[in-house]
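Residue-level listing of the chains:
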Amino acid sequence: MSHVLIVDDERDLAELIDFNLQAAGFSTRVAGTGEAALAAASEQPPQLVLLDLMLPDISGTEVCRQLRTNVLTRDVLIVMLTAKGEEADRVRGFEVGADDYVTKPFSVRELVLRIKAVLRRALPSKEGTAPLALGPLKLDVSTHRFYVEGKEVLLTALEFRLLEYMMTRLGRVQTREQLLEEVWGLSSSLETRTIDTHVMRLRDKLGPARPYLETVRGVGYRIVDPQLA
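Residues numbered from 1 in each chain as written. Predicted model: local features only at pLDDT ≥ 70, side-chain atom pairs only at ≥ 80, totals over all residues. Heavy atoms only, no water.

Identification of the protein chain as Two component transcriptional regulator, winged helix family from Stigmatella aurantiaca is taken from an unreviewed UniProt entry.

Structure follows, in structure tokens:
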């Protein structure tokens, strides 16, 4: 049973989400402020946090940042909830480590499905899987760790899944629609701009291998081996 921490100061909405998640088989806890959320996450680290961007004490982005810097919670999945739909808000959420983004108002049923999709794609890979290596990059799937020139670089669960998916398809162009369906676990008919945001953030974490992640204009993205070019 996955444990979900719901962080929202709109009591009616939080209770509605809480009821539906429990009905779907999740264990839950509700926090109405950022400070309460941080305390709850430290006391009982959840698998996933539903985090409202607008909170009465500290912002959701600051809560996200603190969760990512705490060794107990740095690997939790974070789905941001907000009434804001501007791209700048989405980018800011992803910059501090959010794994997904849902804009209010939303269907609670769709939200539950989105949570299941986020949790599903974060499932650990089979033990004993050989690390993926390319130039200075090493992606250890079994331990869920990523290294650049031997130094560990922290990735969010979604960034790790995205990099793993593309490294196992070396040289093959992946369309935004393919990535949305296979990595995000969502319908390709939904917004694909979030793909670009994640690829941009992932590319920045590749260090000297940044050029390995290529944009194929009008199509999508691919990871290439310069030695084979």
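(A) A look at helix α6 (residues 157-167). Most of α6 sits out of view: 10 of its 11 residues are buried. Where α6 is concerned, the buried positions are A157, L158, E159, F160, L162, L163, E164, Y165, M166 and M167. (Buried < 20%, exposed > 50% of the residue type's maximum accessible area, 1.4 Å probe, protein only. Helix = DSSP H or I, 4+ residues; strand = E, 2+ residues; numbered from the N terminus.)

(B) Looking closely at the sheet that holds strand β12 (residues 220-223). Across the sheet, which stays open at both edges, the 3 strands sit in the order β10-β12-β11 with antiparallel pairing between neighbours. Edge positions in the open sheet fall to β10 (174-175) and β11 (213-216), since each of these has one partner strand only. One ladder, built from 2 bridges, connects β10 with β12; its direction is antiparallel. By the bridge assignment, Q174 is partnered in β12 with Y221. The strands that α6 touches are β10, β11 and β12; relative to β12, the one it contacts most, it runs at about 70°. (Pairing = 2+ DSSP bridges. Contact = heavy atoms within 4.5 Å. Axes fitted to C-alpha atoms, helices over the stretch in contact; angles between N-to-C directions.)

(C) Molecular detail of the sheet that holds strand β6 (residues 132-134). Reading across from one edge, β6-β7-β8-β9 is the order of the 4 strands in this open sheet, with antiparallel pairing throughout. A strand with exactly one partner marks an edge of an open sheet, and here the two such strands are β6 and β9 (151-152). Here strand β7 (residues 137-140) runs beside strand β8 (residues 145-148); their pairing, made up of 4 bridges, is antiparallel. Within β8, the residue paired with K138 across the bridge is Y147.

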